[in-house]
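Next come the chains, spelled out residue by residue.
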Amino acid sequence: MNLKLIVSLIVGLLGGAFLLDVPVDCLLLSIPFDEEVQDEHIFEYPVRPMGGIHTLDREGESKKAYLFDGVDDHLVVNNNEAVIEGRGEFTISVWVKTLGKGGGFRASNPIFVQRDDESLANATKSLVGLFADYNDGGKIVFMMRGSRPQTGYVTTVDYPAFEYGEWHHYAATFDSTSIMKLYLDGELVRQKALLDPGDLNTSTDYVEIGRHSFEGLPQSHLNGAIDDFKLFDCALNDEAIKKIFEGDEVTTNTEEVFQWEEKTLVKLNSTITGGHFQLEKVAEGEVDVSLFDLNGRLLLNKRMFDEQETFDIGHLPAAPYFIQIRKANGLEMQSLKVVKVAQ
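Just so it is clear, the structure is predicted and the values come from calculations on it, not from any experiment. (Residues numbered from 1 in each chain as written. Predicted model: local features only at pLDDT ≥ 70, side-chain atom pairs only at ≥ 80, totals over all residues. Heavy atoms only, no water.)

A few words now on the pattern of salt bridges. Applying the stated criterion across every chain yields a total of 10 salt bridges. Of the charged contacts in the structure, one is a salt bridge between K101 and D136, with a shortest N-O distance of 3.7 Å. A residue pair is termed long-range when its members are at least 10 positions apart, and K101 in the loop between strand 7 (90-98) and strand 8 (109-115) and D136 in the loop between strand 9 (127-133) and strand 10 (139-145) qualify at 35 residues. Judged by relative accessible area, K101 falls into the partly exposed class, the value being 48%. For R211, the salt bridge goes to E208, with nearest N and O atoms at 2.7 Å. Among the charged side chains, a network of salt bridges with common partners joins E286, D288 and R303. (Salt bridge = Lys/Arg side-chain N within 4 Å of Asp/Glu carboxyl O. Helix = DSSP H or I, 4+ residues; strand = E, 2+ residues; numbered from the N terminus. Buried < 20%, exposed > 50% of the residue type's maximum accessible area, 1.4 Å probe, protein only.)

In C-alpha cells form, the structure reads like this:
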C-alpha cells in the first residue's frame, strides 16, 4: 500500500476554522463569584457548589468571592466531565487567598484539578492540577500528565508558596509546544516542558475547584478564598496575563493579545509518497512544528533546527491533518493542510 501526501497552503488565518489559530474568543469558563456561583460564559458549563459561602473579595466588597472551609467545601465543574480537551492548549487564571494549611489527608490547598481516579504513583492517564500549596510542602505547584502510557510521569512546575491571608493572582498556561508556564501576580516565575504528553482528557473522573480527589476519596480541601476564576482554551501570552493581574480588559483575539503574523516559514513538497513529509526551512532561526488532527488533537510536536527535516506519519491513519509552524518567538505562524490517503 502506497501513501500519498497532498499538501495545500491555508491562506491567511483561515487555520482558525480548523482549531489551529487562536480563536477570536477562547474563554471557556468564567466564574466571577458575584452573588451566584455559576459559569457566566456562553458555553454555560454547570458549576455545582458543595458547601462554601460568599465572602469579601480582594477589594473588600462583600459577596464577591467564595470561601472554602478546608474541610469539605468544593465546586464540581461540568458534572465531572472534562473541560480541558485533547488539544491541550489552555490557561487557568484565578485570584486566591489561602487562610492556613489545607484540609484532608494530604493537606494540600488545591485550586483546580481535572484528573482520573488512579493514584499518582502508578497512573498512566491524564491530569491537570494547580495548587496554592501541595502536600503542605510550602510550594505552589502546577502539575500535568498526558495520556502516554509509557511512564505515567507527572511534570511539576513549582515556586515558594505565599504567606497565608494575602490575595494573589495565579495563572498557569500550556501551549502547543508542550511548555508549561506558571505566573504569579502577573509575572512568569517558572516554565518547563511537559515530559509525558498526550491527550489531556483520556479518562476524567473529577473536575473540581477547591478539592483534589483520587482513588475514590477526597485527598485535600482548600482552606481559603477564590475570586474571578477563568479557564481559556488557548495559552495567553505574558502581556495578557499581566493585563489580567492589573485589572485591565483582555481581548482574546489574534490582533490584541497574540499578535501572530502569517508568514512563509517553511516549504513543503506538494506530493510525497511513503508516509513521510519533508520541510525545508526558509525562515531564519528555529521553528516549532506541530501536527493536529481535525479535532485539534496534538499528534506531533518538534523543534526544527536543521534546514531540512523529515517527519514520519506512517503510523497515522489515512485522514486530513494540519501542520502549524511557529517561530520560536511565537509571533509568526504558518498553517498547512496535509491529506494522507491510502492507495
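Relative to the assigned elements, H74 resides in strand 6 (residues 74-77). What makes H74 buried here is its relative accessible area of 5%. Of the polar contacts made by the side chain of H74, one reaches the backbone oxygen of D72; its length is 3.0 Å. Beyond its immediate stretch of four places on either side in the chain, H74 contacts R48, P49, M50, G51, F68, E208, I209, G210 and R211. (Polar contact = N/O pair within 3.5 Å; in protein donor to acceptor, adjacent residues only side chain to side chain. Contact = heavy atoms within 4.5 Å.)

Let us now look at the side chain of H221. Relative to the helices and strands, H221 resides in strand 17 (residues 217-221). Within polar-contact distance, the side chain of H221 engages the backbone oxygen of V71 at 3.1 Å. Here H221 is in contact with G70, V71, D72, D73, G102, G103, S108, N109, P110, G210 and R211, once residues within four sequence places are set aside.

Attention now moves to the sheet that holds strand 22 (residues 276-281). As summarised here, the arrangement of the 3 strands in space is 20-22-25, forming an open sheet in which the pairing is antiparallel. With one partner strand each, in any of the chains shown, strand 20 (266-268) and strand 25 (308-312) form the two edges of the open sheet. When the angles between neighbouring strand axes are averaged without regard to direction, this sheet yields 30 degrees. Here strand 22 pairs with strand 25 via 5 bridges, running antiparallel. (Pairing = 2+ DSSP bridges. Axes fitted to C-alpha atoms, helices over the stretch in contact; angles between N-to-C directions.)

A covalent bond bridging the sulfur atoms of two cysteines is what the word disulfide describes. On inspection of all chains with the given rule, the structure shows 1 disulfide. Each sulfur in the disulfide pair C26 and C234 lies 1.9 Å from the other. Of this pair, C26 sits in the loop between strand 1 (3-9) and strand 2 (27-31) while C234 sits in the loop between strand 18 (223-232) and helix 1 (238-246), and the two are 208 residues apart along the sequence. (Disulfide = S-S within 2.5 Å.)

Moving on: the nonpolar core. As a rule of thumb, soluble globular proteins bury nonpolar side chains together. With 39 residues, the main nonpolar core has F142, Y170, I209, I226 and F229 as its most contacted residues. Here this core gets 4 residues from one element, more than from any other, and that element is strand 7. When residues no more than four places from it in sequence are discounted, the contact partners of F142 are F90, V128, G129, L130, T155, T156, V157, A172, T173, M180, K181 and L182. F277, I313, Y321 and I325 belong to the second-largest nonpolar core, a separate cluster that totals 16 residues. (Core = buried A, V, L, I, M, F, W, Y, C linked by side-chain atoms within 4.5 Å.)

Before going further, it helps to examine the pairing of strand 7. Strand 7 sits mainly inside the fold: 8 of its 9 residues count as buried. Of the pairings in the sheet, the one linking strand 7 to strand 12 (residues 167-174) comprises 8 bridges and is antiparallel in character. Its bridge partner being in strand 12, W95 is matched across the sheet by H169.

It is worth spelling out unusual backbone geometry at this point. The phi angle at D136 is positive, at roughly 55 degrees, despite the residue not being glycine. Positive phi values are uncommon outside glycine, yet S178 reaches one of about 65 degrees. Topologically, S178 is positioned in the loop between strand 12 and strand 13 (179-184).

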